[in-house]
Amino acid sequence: MQKRFEGTVIWYDSENGYGIIRLRAEHKTVSIAECQIHHCRAVGIRALRVGHDVSFEIVDTEAHNLFFL
């Protein structure tokens, strides 16, 4: 099982399906691709927005398995 992290969306381009999340525990950022937002769509959210708080796993410097907090 992968370690889960928490962070906040600081930028998201819905046209290109790409964004940046800032980790809470560290002053680092990770990228997020639209294909990883499927968990959010299950609760009726179609796109990330700046300010959304999320939890996720990190695989090769990208956020995966994204969930809203």
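Heads up: the structure comes first, above all this text.
Here we summarise the structure given alongside this text. Everything numeric here is computed off the predicted structure, so don't read it as measured data.

Quick look at the nonpolar core
A general tendency of soluble globular proteins is for nonpolar side chains to be buried together.
No. 1: Residues F5, V9, Y12, I21, L23, V30, I32, L48, V54, F56, A63 and L66 constitute the largest nonpolar core, which totals twelve residues.
No. 2: Element by element, the count of residues in this core is highest for strand β1 (residues 4–13), at three residues.
No. 3: The contact partners of I21, leaving out residues within four places of it in the chain, are G7, T8, V9, K28, T29, V30, I32, V54, F56, A63 and L66.

Remarks on the packing of aromatic side chains
No. 1: On inspection of all chains with the given rule, the structure shows two aromatic pairs.
No. 2: Between the aromatic rings of F5 and F56, the centroid separation amounts to 6.3 Å while the plane-to-plane angle is 25°, which identifies the pairing as stacked. Of this pair, F5 sits in strand β1 while F56 sits in strand β4 (residues 53–59), and the two are 51 residues apart along the sequence. Considered together, F5 and F56 belong to a single accessibility category, that of buried residues.
No. 3: On the numbers, 6.0 Å between centres and 65° between planes, the contact of W11 with Y18 is edge-to-face.
No. 4: On the accessibility criterion, W11 (40% relative accessible area) is partly exposed.
No. 5: Residue classification places Y18 among the partly exposed residues on the basis of a relative accessible area of 36%.

Parameters and conventions
Residues numbered from 1 in each chain as written. Predicted model: local features only at pLDDT ≥ 70, side-chain atom pairs only at ≥ 80, totals over all residues. Heavy atoms only, no water. Core = buried A, V, L, I, M, F, W, Y, C linked by side-chain atoms within 4.5 Å. Buried < 20%, exposed > 50% of the residue type's maximum accessible area, 1.4 Å probe, protein only. Helix = DSSP H or I, 4+ residues; strand = E, 2+ residues; numbered from the N terminus. Contact = heavy atoms within 4.5 Å. Phe/Tyr/Trp six-rings, centres within 6.5 Å; stacked < 30°, edge-to-face > 60°.

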